[in-house]
Each structure stands twice: as C-alpha cells, then as structure tokens.
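Listed here are the chains, written in short residue letters.
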Amino acid sequence: MSSTTSPEQFENIMLLAVAEAEKARLLAPPNPWVGAVLVTDHGMVTGHTQSPGSSHAEVAALDLAGSDAAGSTLFVTLEPCSHHGKTPPCTHAIVRAGVKTVVVSLVDPDQRVKGAGIAYLREHGVQVILGVAKEAVKAQLAPYLKQRSTGLPWVVLKLASTLDGRIAANDGSSNWITGEAARTRVQMLRAESDAVVVGANTIRLDDPRLTVRIPGVSRSPRRIVFGRIPDGSKVLPAEEFSGSPEELLKELGENGVLQVLLEGGASLAKSFLDSDLIDQYVFYIAPALHGGQDGRSAFAGHGAETIGDMTRLDSKSVLSIGNDVEIVAWSKRASKLIESL
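Every value quoted in this text rests on a predicted model; they were computed, and no experiment measured them. (Residues numbered from 1 in each chain as written. Predicted model: local features only at pLDDT ≥ 70, side-chain atom pairs only at ≥ 80, totals over all residues. Heavy atoms only, no water.)

Visitor: An account of the packing of aromatic side chains is needed here, citing residue identities and associated values.
Guide: Counting across every chain of the model gives 4 aromatic pairs. Here the aromatic rings of tryptophan 154 and tryptophan 330 are separated by 4.9 Å at their centres, their planes lie at 70 degrees, and the arrangement is edge-to-face. One end of the pair, tryptophan 154, is in strand 6 (residues 154-162); the other, tryptophan 330, is in strand 15 (residues 324-331), and 176 residues separate them in sequence. No difference in accessibility class separates tryptophan 154 from tryptophan 330, as the two residues are buried. Summarising the aromatic geometry, the rings of phenylalanine 226 and phenylalanine 241 are spaced 5.4 Å apart at their centres and angled 75 degrees between planes, so their arrangement reads as edge-to-face. One end of the pair, phenylalanine 226, is in strand 9 (residues 222-226); the other, phenylalanine 241, is in strand 10 (residues 239-241), and 15 residues separate them in sequence. An aromatic cluster is defined as three or more aromatic residues linked by ring pairs; in this entry it consists of Phe226, Phe241 and Phe272. Across the ring face of tryptophan 33, the terminal group of arginine 25 is positioned such that the distance to the ring centre comes to 3.8 Å. (Phe/Tyr/Trp six-rings, centres within 6.5 Å; stacked < 30°, edge-to-face > 60°. Helix = DSSP H or I, 4+ residues; strand = E, 2+ residues; numbered from the N terminus. Buried < 20%, exposed > 50% of the residue type's maximum accessible area, 1.4 Å probe, protein only. Lys NZ or Arg CZ within 6 Å of the ring centre and 35° of its normal.)

Next up, the structure:
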C-alpha cells in the first residue's frame, strides 16, 4: 500500500476483515473467528478461519494470493499465532510469503501468543501496525477474549417477554411469545454458543429440544440442565448439573467453552444475575400485554428495593425483528473487561 494511505482507508479495510470474520463464527470455535484481507499490487484477497485443524485466516488469504503476497499488506483482526498447535504458526507463513506490513487490530490474550506473534514478525523485518478498528473487533470477539483472559466463558442471557415484562402466563405457558423472525434469531444464538443452559422447571413446563434447526447449519451446543431431567424429555440426551453457577462456568471454561447461552427460566436467570455472572443480555420484546400483576416476570424472587439498587447495563443495539424488538446490552463488568483488553 502507498505510504499516503489514510487512517480512514486502514479502518475501512480492517472493517472488511471484520465482515470476513463473521463467516468463521460457526466454524472456528474453540479457536477465535478471525478475518484477513491481503492487499496486493493486483487487488484484495480475503480469508477467514476454517474449522479446527484447518487454515487460519492469514494462511487462507495467503494461499489464495500465491506469489502476489510478496510485498503486500495484510490486515488481520487478531494477532497472528506464533506457536505450533493443530496448524503451523501463521507468523512463519507470513514471513515466507514476503508480506511487507501486517496491520493487526488486537493482541491475542492467549498466553501462547500474547505479543509473541508481533515480536516474531518485527524480528523478521515485517512492519506491524496495531489497534486499527479495535473496538469493532473487541465486540466481535468478546466471548473468545473473555475466556482466554479469565478462563471463564462469555454468558449470554436470552429472554422473550411481553411489553409489560412477563415471560409466561399464569398457567406457566410461555411458548411463542415472540414471532418467527425473533425465534430464528434465537436459533442463531444457539448455533453461536458452545453450551445452552436451562433450569429443570423449564424442561418440565415447555419440554424444549434446545437444538439448532436452521437449514444448512449443523452446529448445536451442549445441552445442560440445572436439576433433574424428567424421563422422556425432548432435550435428551443432555447433561444434568447440580452445582452452583460459578462451578458450572469454571468447569465449562476449563473445557474450552467460549460462550454459554442461558435460555430459562426465571429462577436460573435470577441466580446468575445475583452473582453478576451474565455478560450479555438479549431481550426479545413482543408487542403483547399480559395485563396484570401476576404471570411470570423475567427474574424470580425479589428485585431492587430502590431505583439506586437497579442493575444498570450498557446498551449495545436495538433492532426491529419482524413484529418484535431485540435489545442487546452488556453488564458494566463485561464492558469494563473487554475495554481493558
């Protein structure tokens, strides 16, 4: 690239890499979903992380570029790896290909990398530029960043409710509060998660399968139930868990789980809320009214005594999904953690 290339152009190219990384979201875990754009004298070549044991984003782009990679500029959303895992180090491939400059959005918090990839490239004469479009990449890779830096998975709470905050009617029924478009979004949340967790009462009342039913998507999360699973439940085969939320997250994090999806019910949500274990809240709100003080609220038990005691979140997005509204927010703790990386 020309020395006169503007910061805005760098940002725009890195955002192309961010878009490319989305193609790896269902392929890469437990590896990070990374995107790369190689800018050569003959144009741009893109690549994204493949399934574990296959090419990382950088190598995917280099393979497509071939000899055109010599003298090129490589944009990549996460620091290239410098260690031997299931694949050889990406840094070695970058140096062999003759890449002149590597633009990296984020340093990889994985202890096996964490600056070593950048150091290797610089030691071998490759210019490295850091921090381009880092906020976009932090948001995209939040589950990976948290798990690699703390050992714990990213916890997402999904709830569907009426406008007046009820997740179930007086008889406990809660199926189909929201429309088909919102339910499809939930299916994708499941596909992006490594484990989905519910309470045994949700299994008894709703008897969900908790599988991913999107045409062309074969990835489904582990299904974990707090408590005893009734015989004949549609969720089977699934895992029963009887410990605390903290114990579950520790165990899952040690097993490489990056993202956990909480799908119900109110008691489970309350236990994770009270322990400040939820990183991301995804609410689907239907334009429907329960119309009374009874019915089931999103969280069981007693709430805040005063306005000052309420749990305040950082709003991330508000979208119309069919006839419903999707609100995504992060906990203050999660925002602070990801910002610090």
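Having put the structure on the table, let's press on.
Visitor: Kindly report on the side chain of arginine 223, identifying the contributing residues and their values.
Guide: Relative to the elements of secondary structure, arginine 223 occurs in strand 9. Glutamate 239 is the oppositely charged side chain nearest to the buried, salt-bridge-free arginine 223, at an N-O distance of 8.2 Å. At 3.2 Å, the side chain of arginine 223 forms a polar contact with the backbone oxygen of valine 235. Reaching out from arginine 223, the side chain makes a polar contact with the backbone oxygen of proline 237 at a distance of 3.2 Å. The residues contacting arginine 223, other than those within four sequence positions of it, are Val196, Arg209, Leu210, Thr211, Lys234, Val235, Leu236, Pro237, Ala238 and Glu239. (Lys, Arg positive; Asp, Glu negative; His and termini not counted. Salt bridge = Lys/Arg side-chain N within 4 Å of Asp/Glu carboxyl O. Polar contact = N/O pair within 3.5 Å; in protein donor to acceptor, adjacent residues only side chain to side chain. Contact = heavy atoms within 4.5 Å.)

Visitor: Explain the pairing of strand 14 (residues 313-321) to me, and be specific about the residues and the numbers.
Guide: Of the strand pairs in this sheet, strand 14 and strand 15 are connected by 8 bridges, and their pairing is antiparallel. Counterpart to valine 318 in the pairing with strand 15 is isoleucine 327. Here strand 14 folds back onto strand 15, and the loop between the two strands holds 2 residues, one of which, glycine 322, carries a positive phi near 60 degrees. (Pairing = 2+ DSSP bridges.)

Visitor: Which residues make up the sheet that holds strand 2 (residues 43-48), and what are the values?
Guide: The strand order across the open sheet built from 5 strands is 2-1-3-4-5, with neighbouring strands paired in mixed fashion. One side of each edge strand has no neighbouring strand; the edge strands of this open sheet are strand 2 and strand 5 (127-130). Neighbour-to-neighbour, the strand axes of the sheet open up by a mean angle of 20 degrees, direction not taken into account. Here 5 bridges tie strand 3 (residues 73-78) to strand 4 (residues 101-106), and the two strands are oriented parallel to one another. Across the sheet, residue phenylalanine 75 finds its bridge partner in strand 4, namely valine 103. (Axes fitted to C-alpha atoms, helices over the stretch in contact; angles between N-to-C directions.)

Visitor: Outline helix 6 (residues 142-150), supporting the account with residue identities and numerical values.
Guide: In terms of burial, helix 6 is largely enclosed, as 7 of its 9 residues are buried. Restricting attention to buried positions, one finds in helix 6 the residues Ala142, Pro143, Tyr144, Leu145, Lys146, Gln147 and Arg148. At the C-terminal side of helix 6, glycine 151 shows a positive phi close to 85 degrees.

Visitor: I'd like a description of the state of the cysteines, backed by residues and values.
Guide: Considering all chains together, one arrives at 0 disulfides under this definition. In this model cysteine 81 remains outside any disulfide bridge; the closest cysteine sulfur is found in cysteine 90, 3.7 Å from its own. (Disulfide = S-S within 2.5 Å.)

Visitor: Give me the lowdown on the environment of serine 317, citing residues and values where you can.
Guide: Structurally, serine 317 is set in strand 14. Serine 317 gets classed as partly exposed once you look at its relative accessible area, which sits at 25%. Serine 317 sits 11 residues away from valine 328 along the chain, and the two C-alpha atoms are 5.2 Å apart. Those residues within four positions of serine 317 in sequence are excluded, and the remaining contacts are Glu326, Ile327 and Val328.

Visitor: Tell me about the pairing of strand 12 (residues 280-286), and name the residues and values.
Guide: Within strand 12, 7 of the 7 residues are buried, which leaves it mostly tucked inside the rest of the structure. With 7 bridges joining them, strand 6 and strand 12 adopt parallel strand pairing. Note that in strand 12 the partner of threonine 162 across the bridge is alanine 286. Bridge count for strand 12 against strand 15 is 6 bridges, and the pairing is antiparallel. Within strand 15, the position partnered with phenylalanine 283 by the bridge is isoleucine 327.

Shape descriptors only; they carry no functional weight alone.
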